[in-house]
Amino acid sequence: CAFGIKPATEMMIQICKTMASNCNMWRDEIDTNRDGPNKILSWFQNVADLGIDLRPFRIDLLRMHEETDFGKEFVELEQKQLRQWSQFDVVKQGGTLDEVQEAVNNGNLIISRRDRGGLHLIHISAAYDRVDLLKWLVTSKGMDLNLMD
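Residues numbered from 1 in each chain as written. Predicted model: local features only at pLDDT ≥ 70, side-chain atom pairs only at ≥ 80, totals over all residues. Heavy atoms only, no water.

Enquirer: Any details on the nonpolar core? Residues and values, ideally.
Expert: Formed by 15 residues in total, the largest nonpolar core has its most connected members in Val91, Leu109, Leu121 and Leu137. When contributions to this core are tallied by element, the ones reaching two or more residues are α7 (97-105), α8 (121-127) and α9 (131-139). Among the elements that make up this core, the one with the highest residue count is α9 (4 residues). Residues in contact with Leu109, not counting those within four places in the same chain, are Gln87, Phe88, Val90, Val91, Val100, Ala103, Val104 and Leu121. The next biggest cluster of nonpolar side chains, apart from the first, holds 12 residues, and it includes Val47, Ala48, Ile52 and Phe74. (Core = buried A, V, L, I, M, F, W, Y, C linked by side-chain atoms within 4.5 Å. Buried < 20%, exposed > 50% of the residue type's maximum accessible area, 1.4 Å probe, protein only. Helix = DSSP H or I, 4+ residues; strand = E, 2+ residues; numbered from the N terminus. Contact = heavy atoms within 4.5 Å.)

Enquirer: Break down the packing of aromatic side chains for me, with residues and values.
Expert: Within this structure, the stated rule accounts for 2 aromatic pairs. Aromatic pair Trp43 and Phe44: ring centres 4.8 Å apart, planes at 75°, arrangement edge-to-face. As far as burial versus exposure is concerned, Trp43 and Phe44 are alike and both buried. Consider the rings of Phe44 and Phe74, whose centres lie 5.1 Å apart with planes at 80°: the pair is edge-to-face. (Phe/Tyr/Trp six-rings, centres within 6.5 Å; stacked < 30°, edge-to-face > 60°.)

What is shown is where atoms sit, not what they do.
Encoded structure:
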């Protein structure tokens, strides 16, 4: 979350959502501090990287900052997150091992990313019963089966 804490539980995710919904504390930071918007956007990038959906934060943030550069950059960050999540569709929609390998090798699927909810590719593979993909990720890509989400 904001202090480098990984939201491993629903409670941590709720704390992040509560902090984000309390936008009044950020209003002065965004409006008066030149570095304020960048710091806040950086925090949201960290939240997004953990797989926490940014869309619930949108209403509160954009209500005050929709027409500002901050608002536009937040929307771009949100869209980037959705594009990153779509990378996992090749696995979720039953793509073959060759299709997944091609997506990884050409950069369309980045194995270190997390999907919505914070799952890594190795755990998505297990959830979709993709033993072939699990074997390839561990033996060829060096992924750790004990990787924490």
